[in-house]
Amino acid sequence: GWHSPADIDNRSQMTALLDKAPLGVAVRIARIDWNAMSVDEGRRLREFGLMEGCEIVPLHRGSIFSRDPLALTIGRMKIIIRARQAAAIEVEPAAA
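From a predicted model like this one, the values you see are computed outputs, not experimental measurements.

Here six strands make up an open sheet; going across it, the order is E1-E6-E2-E3-E4-E5 and the pairing antiparallel. Where the open sheet ends on each side, the last strands, each with one partner, are strand E1 (16–17) and strand E5 (77–81). Sheet topology note: the E1/strand E6 (residues 89–93) ladder contains two bridges and is antiparallel. Looking at the pairing, alanine 16 lines up with valine 91 of E6.

Here is the structure:
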């Protein structure tokens, strides 16, 4: 859900972490906690164009056994990130 106390901040009541975001719905990246991942991981995500303010669509999660990894589209690209990385990315609903 969108409303666990940890996710709510005063800018917007609607942020959630990407690993919990609904699938198939466009969201905008509100914040990325770069400190939660290694320098290499951060660089790789930036190379994919994942940064604050960009719009992405989470497609599907992992396998039957695990929520890892998360597939998403950014622009016309489809990329796959780890659930752990998704947990460092805060998203909000994209403006309609």
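In this structure, isoleucine 89 sits in strand E6. Residues isoleucine 89 and aspartate 19 lie 70 residues apart in sequence; the distance between their C-alpha atoms is 8.0 Å. Aside from chain neighbours lying at most four places away, what touches isoleucine 89 is Ala16, Leu17, Leu18, Ile29, Arg31, Ile32, Leu45, Leu50 and Ile81.

A word on helix H1 (residues 39–47). For H1, the complete set of buried residues consists of Glu41, Gly42 and Leu45. Each buried residue of H1 sits inside an arc of 100° when the element is viewed along its axis, so together they form one side. Exposed positions of H1 whose direction lies more than 90 degrees from the buried face are Val39, Asp40 and Glu47. Residues of H1 that are buried make contact with E5, helix H2 (83–86) and E6. Backbone geometry just after H1 places glycine 49 at a positive phi near 95°.

A few words on the nonpolar core. The biggest cluster of nonpolar side chains holds 19 residues, and the ones touching the most others in it are Leu18, Ile29, Leu50, Ile56, Ile81, Ile89 and Val91. Elements that contribute at least two residues to this core include exactly strand E2 (27–32), strand E4 (70–74), E5 and E6.

With that settled, consider the side chain of threonine 15. One can find threonine 15 in the segment before E1. At 3.4 Å, the side chain of threonine 15 and the side chain of glutamate 90 are in polar contact.

By the definition in use, this model includes zero aromatic pairs. Positioned above the aromatic ring of tryptophan 34, the side-chain terminus of arginine 46 is 4.5 Å from the ring centre.

Conventions used here
For every chain, the first residue of the written sequence is number 1, and numbering continues from 1 onward in sequence order. The predicted nature of this model means local features are confined to residues of pLDDT at least 70 and side-chain atom pairs, given and counted, to a pLDDT of 80 or more, with totals for whole chains, interfaces and linings taken over all residues. In computing side-chain values, all of the structure's heavy atoms are included and hydrogens and water are not. At least two bridges found by DSSP between two strands is the condition for calling them paired. The helix count covers DSSP runs of H or I at least four residues long, the strand count covers runs of E at least two residues long, and both are numbered beginning at the N terminus. Contacts: residue pairs with any heavy atoms within 4.5 Å of one another. The cut-offs for exposure are 20% and 50% of the maximum accessible area for each residue type, with area from a 1.4 Å probe on protein chains only; residues under the lower value are buried, those over the upper are exposed, and the others partly exposed. The arc in question is traced by the directions running from the helix axis to the C-beta atoms. Among buried residues, the Ala, Val, Leu, Ile, Met, Phe, Trp, Tyr and Cys ones that are joined through side-chain atoms within 4.5 Å form a nonpolar core. Identification of polar contacts relies on pairs of N or O atoms within 3.5 Å, with a donor-acceptor requirement for protein atoms, meaning one able to donate a hydrogen and the other able to accept it, and with residues adjacent in sequence counted only if both atoms are side-chain atoms. Only Phe, Tyr and Trp rings are paired, with Trp represented by its six-membered ring, and only when their centres lie within 6.5 Å; those with planes under 30 degrees apart are stacked, over 60 edge-to-face, the remainder tilted. Placement of a positive charge over a ring is assigned whenever Lys NZ or Arg CZ falls within 6 Å of the ring centre and within 35 degrees of the normal to the ring plane.

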